[in-house]
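Residues per chain, in single letters:
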Amino acid sequence: MKIDIYGLLEKVRNQRPVVHHLTNWVTIYDCANIVKVFGASPVMAHAKEEVADMAKIASALVLNIGTLTIDFIEAMKLAAKSANEKGIPVVLDVCGAGATKLRDEKCFELLDEVKISIIKGNSSEVARIAGENVQTKGVDATAVEKNLIEIAEGLAEKRKCTVVITGKEDVVSDGKKALLVKNGCEMMSNIVGTGCMAASVIGTFAAVENDLAVASASGLCCFEIAAEIAVKLSKGPGTFKEKLYDSVFYLDKKTIEKMRKIESL
Amino acid sequence: MKIDIYGLLEKVRNQRPVVHHLTNWVTIYDCANIVKVFGASPVMAHAKEEVADMAKIASALVLNIGTLTIDFIEAMKLAAKSANEKGIPVVLDVCGAGATKLRDEKCFELLDEVKISIIKGNSSEVARIAGENVQTKGVDATAVEKNLIEIAEGLAEKRKCTVVITGKEDVVSDGKKALLVKNGCEMMSNIVGTGCMAASVIGTFAAVENDLAVASASGLCCFEIAAEIAVKLSKGPGTFKEKLYDSVFYLDKKTIEKMRKIESL
Amino acid sequence: MKIDIYGLLEKVRNQRPVVHHLTNWVTIYDCANIVKVFGASPVMAHAKEEVADMAKIASALVLNIGTLTIDFIEAMKLAAKSANEKGIPVVLDVCGAGATKLRDEKCFELLDEVKISIIKGNSSEVARIAGENVQTKGVDATAVEKNLIEIAEGLAEKRKCTVVITGKEDVVSDGKKALLVKNGCEMMSNIVGTGCMAASVIGTFAAVENDLAVASASGLCCFEIAAEIAVKLSKGPGTFKEKLYDSVFYLDKKTIEKMRKIESL
């Protein structure tokens, strides 16, 4: 299976899909801006009175529980139900799952009450959602003993969705096939926001491609190739982020074909 | 009519007016920082219990409905009433108008219940507020058939305020005179935040100049000259934004006089 | 007393403490990112239902009233009580104190109802909290007549805590000893966020050092040395901020020893 990554990037740039977010207050700008520099159209809206309407004009919905409140989760459910009705993909970034009881409970509530198309998190967050006994340390990943591919596959089957575990290598599984994305660089973990941006990128690609494992892996691959380019052009974590936006914006076919590191399992 | 743009910029830098914002959570940092690098003093405050007090120490108020909630709109009204009493200008950025029913309703409520001095938006947002039948696509502009100058003039007369339509050319009308600002560059539309920052810049200049059409056009002209300089110094949308702040900070008289493209109609 | 500043920085980098924030929506990204580039692990959480749990996995708590609401202050109290029980330091950034009655009242409520370990603000904010008759102008410092060292010492004794007044020279007092940090540069006051970031840095160092005056002064010294380096590498306020992150990330022992300007009083 040879994925046409650049073909999907072109679709994003040509179709300019609206990607509706209910995300956290820390990285909300970065989530919007990464969608924008990929060529799509981000919109952030969280009022209960409008989320259903906004989801209706969108091509994908991205939920991120990073700075959740009870009210905010209620708005997420309304948005997700509207997205489910329209049939657009819903990405859930289980940011900080395992850190507090509230986060775990609300993740499970969302997964039980609405149709989540893609669950995304780092290794300890996703392990927690898959039922493993992991204590996460805030929003940064902690050690997970079990094999990540097994965890992703198990959760994908259980929840009938696509599961993405980000890390040095990203694991993507839809329960039938698994993909590994081996792009990216260490510097991504030295700044705040790359994890949240990854979820937004996944949503952006899912807006133009029905095979959600392919969409997720392609989006991550593009994002992380750009990061590899950016780190060489920058002198630390501050300049890295700006160069990351530059590099995404100018990604071309030749670069993607040369640098891509996706494996089917 | 030859506008003394640099004279107004100097007033901003010397008077350092406090510009009170109730804005959205996506670009709140950028709104604050652009005001700061122009030399003024931004303050963001949205608690119902303090917005009236905060508006009283300010020289302009900027409202932006980008991530509105019902409560937030109520706080906007309290702030605007206080601003109206004090007699300071109130800018309303109708961000995303036309995307959902809630946004339209709340814009009209604000326009009906408080005195808005300057309405600012992109072409489809302002057309919607002017009563045209336009469906906007999230927060990005969509095509508008009717002549933008007519729309601006009509809305300015109807609402007895100044109207600013941003775009490749910015249209400014106070119902009596119209101004066109032809500065700016394509790259501004490739990042999130330039629209919101434009409203903050307009508020900053309105804090030091009573002719609100002149203030709006002058602020936009400075901001967009800085953008033209920034795009030449940058390598994409990430570095562009940082260079934009640098360029605003160091704007001087000679550069403004050389690059200004303002026309009276 | 010769403070081992680099030793504390190494502790931050090795222990990677979780620093829990309830901060404002303007600079929340910068607060998180500065903690991250110092090598620690920021977490932002403000739901009343989880703040106590989150504080329990943290090594320091940072509160910032920049965009306070009544609800938000209630969440701060719950977080602070949990932090007090665990015995971790609580930093309060009295951002905008003196600008409105609400801010003053809520600062005093926090100081009366929970144990604040470190009060941090600019000269006019801290003077207000110390009971001086100062009108602040939004969030920027205004002139204070009384000697700042006296104000810091008096407030430290009265509230039995450490007091930090940031400015051209930063004053730190725990009521027994006072320290002056003379690092930093003018450019820090030309962008939004350096004050809030300073509070986050203080919290980060307080997470690894029990002498809170030493922790505060050491954190500020590192942050401001990085700023001095950054300003030389940048071309204005936009590029300055990115270079600031770069410079913090690569701070080394030799640089700190050469550039440090801390005095005991």
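Owing to the predicted nature of the structure, the values given are computational and were not obtained by experimental measurement.

*Asks:* I'd like to hear about the overall build of chain A, residue by residue, with values.
*Replies:* From N to C terminus, chain A includes 11 helices and nine strands. Computed over the C-alpha atoms, the radius of gyration of chain A is 17 Å, within 12% of the 18 Å expected from 2.2 N^0.38 for a compact globule of 265 residues. Projected onto the principal axes, the alpha-carbon positions of chain A cover approximately 45 × 40 × 35 Å. Looking at chain A as a whole, 67% of its 265 residues are labelled buried. Here the contacts in chain A between residues at least 6 apart in sequence split such that 71% fall between residues at least 24 apart.

*Asks:* Please set out the environment of B:S234 residue by residue, giving values where relevant.
*Replies:* Residue and element names in this part refer to chain B. If you trace the backbone, S234 turns up in the loop between α9 (212-233) and α10 (237-249). Residue S234 is classed as buried on the basis of its 22 C-beta neighbours within 10 Å. Put simply, S234 and L244 are 10 residues apart on the chain and 9.1 Å apart in space, counted from C-alpha to C-alpha. Residues contacting S234, with those up to four places away along its chain left out, are T239, F240 and K243.

*Asks:* How would you explain the interface of chain B and chain A if you had to name every residue and give the values?
*Replies:* Across the contact, 27 residues belong to chain B and 28 residues belong to chain A. Contributing elements (two or more residues each) for the side of chain B that touches chain A: α5 (101-113) and α10 of chain B. For the side of chain B that touches chain A, the leading source of residues is α10(B), giving four residues. In terms of residue class, the side of chain B that touches chain A is built from 11 nonpolar, 10 polar and six charged.

*Asks:* Tell me about the nonpolar core, residues and numbers included.
*Replies:* Of all hydrophobic cores here, the largest spans 331 residues; its most connected members are A:L61, A:I202, B:L61, B:I202, C:L61 and C:I202. Non-local contacts of A:L61, meaning those with residues more than four positions away in its chain, are made with A:H20, A:A55, A:A79, A:A80, A:A83, A:I88 and A:V90.

*Asks:* Mind laying out unusual backbone geometry, listing which residues take part and the relevant values?
*Replies:* Of note in the backbone geometry, A:R16 takes a positive phi value of approximately 45° without being a glycine. Here A:R16 is to be found in the loop between α1 (5-15) and β1 (18-22). Among the residues examined, A:R16 registers 19 C-beta atoms within 10 Å and is labelled partly exposed. Even without a glycine there, the phi angle at C:K160 is positive, about 50°.

*Asks:* Hey, could you go over the relation of the copies chain C and chain B for me, with residue numbers and the actual values?
*Replies:* Overlaying chain C with chain B gives an RMSD of 0.0 Å, the required rotation being 120° about an axis along which the chain moves by 0.0 Å. Both chain copies can therefore be described as sitting about a three-fold axis. Residues of chain C ranked by C-alpha distance from the rotation axis are headed by C:W25, positioned 3.9 Å from it.

*Asks:* An account of the interface of chain C and chain B is requested, with residue identities and associated values reported.
*Replies:* The parts lose accessible area when they come together, and the size of an interface is often stated as this lost area. Taken residue by residue, the interface counts 27 residues in chain C and 28 residues in chain B. Contributions of two or more residues to the side of chain C that touches chain B are made by α5 (101-113) and α10 (237-249) of chain C. In terms of residues, the side of chain C that touches chain B owes the most to one element, α10(C), which gives four residues.

*Asks:* Help me get a handle on the sheet that holds strand β3 (residues 60-64) of chain A, residues and values and all.
*Replies:* Residue and element names in this part refer to chain A. Read across the sheet, nine strands follow the order β2-β1-β3-β4-β5-β6-β7-β8-β9 without closing on themselves; strand pairing throughout is mixed. Each end of this open sheet is capped by a strand with a single partner; those strands are β2 (41-44) and β9 (262-264). Looking at each pair of strands side by side, their axes are set apart by 20° on average, direction ignored. Here five bridges tie strand β5 (residues 118-122) to strand β6 (residues 162-166), and the two strands are oriented parallel to one another. Within β6, the position partnered with G121 by the bridge is I165.

*Asks:* Explain the pairing of strand β4 (residues 90-93) of chain A to me, using residue names and the numbers behind them.
*Replies:* Residue and element names in this part refer to chain A. Burial of β4 is two-sided: the residues V90 and L92 facing one way and the residues V91 and D93 facing the other way are all buried. As paired strands, β3 and β4 are joined by four bridges and run parallel to one another. Bridge pairing in β4 places V62 opposite V91. Read from β3 through helix α4 (residues 70-86) to β4, the crossover connection turns out right-handed. Summarising the sheet, β4 and β5 pair through three bridges and their orientation is parallel. Bridging across to β5, D93 finds its partner in K120. Following the chain from β4 across helix α5 (residues 101-113) to the adjacent parallel β5, one finds a crossover that is right-handed.

*Asks:* Any chance you could break down the sheet that holds strand β1 (residues 18-22) of chain B for me, citing the residues and the numbers?
*Replies:* The pairing of strands in a sheet happens through backbone hydrogen bonds and is either parallel or antiparallel. Residue and element names in this part refer to chain B. Sheet architecture is open: nine strands sit in the order β2-β1-β3-β4-β5-β6-β7-β8-β9, paired in mixed fashion. On the outer flanks of this sheet lie β2 (41-44) and β9 (262-264), each paired with one strand and no other. On average, each strand axis in the sheet is tilted by 20° relative to the strand beside it, whichever way the strands run. Direction of pairing for strand β6 (residues 162-166) relative to strand β7 (residues 170-173): antiparallel, over a ladder of three bridges. Along β7, the bridge assignment pairs V164 with V172. Of the strands in this sheet, β5 (118-122), β6, β7, β8 (178-181) and β9 are in contact with α9, which crosses β8 at around 5°.

*Asks:* For the relation of the copies chain B and chain A, give the residues involved together with the corresponding values.
*Replies:* Expressed as a screw transformation, the operator carrying chain B onto chain A has a rotation angle of 120° and an axial translation of 0.0 Å, and the superposed copies differ by an RMSD of 0.0 Å. In this assembly the copies use different faces: only 11% of the residues contributing to the interface of chain B also contribute to that of chain A.

*Asks:* Requested: an account of the packing of helix α2 (residues 28-37) of chain A against helix α8 (residues 194-206) of chain A, with residues and values cited.
*Replies:* Axes are the key here: two packed helices are described by the angle between their axes and the distance separating the axes. Residue and element names in this part refer to chain A. At their nearest, the axes of α2 and α8 sit 9 Å apart, and the two run at 40° to each other. Relative to α8, the element α2 lies oblique. For the pair α2 and α8, the sense of crossing is right-handed. Packed against α2, whose contacting residues are D30, C31, I34 and V35, the element α8 presents C196, M197, S200, V201 and T204 at the interface. Counted by class, the contact of α2 with α8 contains six nonpolar, two polar and one charged residues.

*Asks:* Report on the pairing of β8(B), specifying residues and quantitative values.
*Replies:* Side-chain direction in a regular strand flips from residue to residue, so the side chains alternate between the two faces of the sheet. Residue and element names in this part refer to chain B. Both β7 and β8 contribute to a ladder of four bridges, which runs antiparallel. If you follow D170 over to β8, its bridge partner there is V181. Alignment of β8 against β9, held across three bridges, turns out to be antiparallel. Bridging from a neighbouring strand, V181 pairs with I262 of β9.

*Asks:* Describe in detail the confidence of the model for chain A, supporting the description with residues and values.
*Replies:* The predicted coordinates should not be examined in detail at positions where pLDDT is low. Chain-level statistics for chain A give a pLDDT mean of 96 and a share of 100% at 70 or above. Scoring of the predicted complex yields 0.97 for pTM and 0.96 for ipTM.

*Asks:* Can you lay out α8(A) for me, pointing to particular residues and giving the numbers?
*Replies:* For α8(A), built from 13 residues, the straight-helix expectation of 18 Å at 1.5 Å per residue is met to within 8% by its first-to-last C-alpha distance of 18 Å. In terms of burial, α8(A) is a largely internal element, 13 of the 13 residues being buried.

*Asks:* How would you summarise the packing of helix α9 (residues 212-233) of chain C against α10(C) if you had to cite specific residues and measurements?
*Replies:* All names here are of chain C. Between α9 and α10, the shortest axis-to-axis distance is 8 Å and the interhelical angle comes to 130°. When the axes of α9 and α10 are compared, the pair comes out oblique. Between α9 and α10 lies a crossing whose hand is right-handed. Judged by residue contacts, F223, A226, A227, I229, A230, V231 and L233 of α9 engage F240, K243, L244, S247 and V248 from α10. Tallied by class, residues from the contact of α9 with α10 come to 10 nonpolar, one polar and one charged.

The rules behind the values
- Residues numbered from 1 in each chain as written.
- Chains lettered and ligands numbered in written order.
- Predicted model: local features only at pLDDT ≥ 70, side-chain atom pairs only at ≥ 80, totals over all residues.
- Helix = DSSP H or I, 4+ residues; strand = E, 2+ residues; numbered from the N terminus.
- Rg over C-alpha atoms; globule rule 2.2 N^0.38 Å.
- Buried ≥ 20, exposed ≤ 12 C-beta atoms within 10 Å, placed from the backbone.
- Contact = placed C-beta atoms within 7 Å.
- Nonpolar A, V, L, I, M, F, W, Y, C, P; charged D, E, K, R; others polar.
- Core = buried A, V, L, I, M, F, W, Y, C linked by C-beta atoms within 7 Å.
- Least-squares fit on C-alpha atoms with pLDDT ≥ 70 in both.
- Pairing = 2+ DSSP bridges.
- Axes fitted to C-alpha atoms, helices over the stretch in contact; angles between N-to-C directions.
- Right-handed = clockwise from strand over helix to strand, strands pointing away.
- Parallel < 35°, antiparallel > 145°, perpendicular 65-115°, else oblique.
- Left-handed = near helix turned anticlockwise from the far one by under 90°.
- pLDDT = per-residue confidence, 0-100.
- Expected span 1.5 Å × (residues − 1).

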